[in-house]
Amino acid sequence: MAISKTSRKLPPIEVKGSATQPLGMSPAQFLRDYWQKRPLLIRNAFPDFKAPLEPDDLAGLACEPAALARLIVHDEKRDRWHVNSGPLSEDDFSRTPESNWTLLVQDVDKWDVDVAALLDRFGFLPSWRVDDVMISYAEPGGGVGAHVDQYDVFLLQGLGQRHWAISDDPMAPKGFRHDIELKQLAQFESTHEWLLETGDMLYLPPGIPHDGVAFGGPCMTYSIGMRAPSQAELTGDLADFIAEHLPEELRYADPDLKPAKAIGEIDRAVIERIKYALPFAAALDDDMLRDWFGRFITRYRNAQFPAIPDKPLADGALAKQLDAGAQLLRHPWSRLAWSQRRKGCTLFANGQAYNATPGMAEQLCAQRSLDTAGRKIDHIEFALLLALVNDGHLLLRKSRRR
Ligand code: SIN
Ligand code: CO
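Described in the following lines is the structure provided in the data block. Since the model is a prediction, treat every value here as computed from it, not as a measurement. (Residues numbered from 1 in each chain as written. Chains lettered and ligands numbered in written order. Predicted model: local features only at pLDDT ≥ 70, side-chain atom pairs only at ≥ 80, totals over all residues. Heavy atoms only, no water.)

1. What to know about the sheet that holds strand 14 (residues 352-356)
Alright, step 1. Spatially, 12-13-14 is the arrangement adopted by the three strands of the open sheet, whose pairing is antiparallel. The open sheet has two edge strands with one neighbour each: strand 12 (336-340) and strand 14. Between one strand and the next, the sheet's axes are offset by a mean angle of 25°, whatever the strand orientation.
Alright, step 2. Note that strand 13 (residues 345-349) and strand 14 share five bridges and pair antiparallel. Note on strand 14: the bridge partner recorded for Ala 349 is Gln 352.
Alright, step 3. Helix 9 (residues 358-366) rests against strand 12, strand 13 and strand 14 of the sheet, and its axis sits at about 155° to strand 12.
Alright, step 4. Along the sheet face, helix 10 (residues 379-390) touches strand 13 and strand 14 and points at about 155° away from the line of strand 14. (Pairing = 2+ DSSP bridges. Helix = DSSP H or I, 4+ residues; strand = E, 2+ residues; numbered from the N terminus. Axes fitted to C-alpha atoms, helices over the stretch in contact; angles between N-to-C directions. Contact = heavy atoms within 4.5 Å.)

Listed below in structure tokens is the structure:
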């Protein structure tokens, strides 16, 4: 079979919209070429855009106690950002500087039917994927700084002009600035810049660094934002849902059990039984399953937990006690298990995981009183014993010999 050497041309990053095609193309083409894939600037997406809301209406809404509003002022000289997360009052607005500030109000579509009507233009998307219409008002220089959003967003210019800078470089650094409460990027270098006029719209898929700054005069931007639960949220909710529906009598079962080779070990057969009992667990990494099961089973239905000692023991003090022949007693409420990882070994104690060696892990599971006399303890084992003492799982009984 002949392989064509012509590579497919990338679709353009800028197109022209019209009254009948706000995306500048059919929804099917937009979804195929841009949605969740690449940014798109649509000039004139909403020709003759009639703003459903005046700046004063937005400020009024921002002062409603239930509104989600933020007032952000940028002190450009010192590069300080001041965020007032509301509830806002008229006084807050009277104190704003002449420029470099912005007001953002989320969920405006829930408050205003004309704003909600804008969503009709996005009917080609599943309605449950749409989160809200957030509206910002900004004076020249106002914005929220360079950042990344986790969701797709359509940024419709509603009033005035805004300068947008974005980066579609997949290698762009995504680290945050730690000195401000806004999740701003520590570094941002744009690959594309545009000045958006009223009616222009910028679509951004998740993860694209962007920075929008009001230009020239008062500026309003309508952000039609999507929502997409994280895999962690989906997993947590599905697990709760399944748990509610499973009958009590379906339990961990081991009719295939063989005599234990190593005391306390969560071995391969356990992991296989879990995968059989919970089919969706079969897709998970074995180390992850072991880590979860070890923590779970050692805290499962424990009536009590060992108390943490008032004062932590220093490593030197423990070394001295062990040299002097002290014994380590396992706390009666400590429930232990251990497992091999692909690299290394973990001891689990009442829901916590500790780095261990198989020899020490098994000894701790097997013996209520650990006699270390004459036993060589390596640095992993020593750190483990110290952590277990300081978490209350092992109690030191000093030697009587002097
Ligand atoms: C804004 O409207 O100022 C911010 C919108 C965004 O960047 O997500
Ligand atoms: Co954004």
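2. Regarding the site of ligand 1
Alright, step 1. Lining the immediate surroundings of ligand 1 are Leu 104, Met 134, Ser 136, His 147, Asp 149, Leu 155, Arg 162, Trp 164, His 210, Thr 221 and Ser 223.
Alright, step 2. Within the side chain of Ser 136, an N or O atom sits 2.8 Å from an oxygen atom of ligand 1.
Alright, step 3. Contact between ligand 1 and Asp 149: an oxygen atom at 3.3 Å from a side-chain N or O atom of the residue.
Alright, step 4. Going through the elements one at a time, strand 6 (130-138), strand 7 (153-166) and strand 10 (210-226) are the ones with two or more residues in the shell around ligand 1.
Alright, step 5. Across the shell around ligand 1, the residue classes tally to four nonpolar, five polar and two charged. (Near = heavy atom within 4 Å. Polar contact = N/O pair within 3.5 Å; in protein donor to acceptor, adjacent residues only side chain to side chain. Nonpolar A, V, L, I, M, F, W, Y, C, P; charged D, E, K, R; others polar.)

3. Things to note about the pattern of salt bridges
Alright, step 1. Under the defined criterion, the tally for this structure stands at 19 salt bridges.
Alright, step 2. Between Lys 275 and Asp 286 there is a salt bridge whose closest N-O contact spans 2.7 Å. Of this pair, Lys 275 sits in helix 6 (residues 268-277) while Asp 286 is found in helix 7 (residues 286-299), placing the two residues 11 residues apart along the sequence.
Alright, step 3. A residue is classified by how much of its surface remains accessible, and Asp 286, at 15% relative accessible area, is buried.
Alright, step 4. Overlapping salt bridges, with partners in common, bring together Arg 268, Glu 272, Lys 275 and Asp 286 in one network. (Salt bridge = Lys/Arg side-chain N within 4 Å of Asp/Glu carboxyl O. Buried < 20%, exposed > 50% of the residue type's maximum accessible area, 1.4 Å probe, protein only.)

Everything listed here is a matter of geometry and, on its own, says nothing about what the molecule does.
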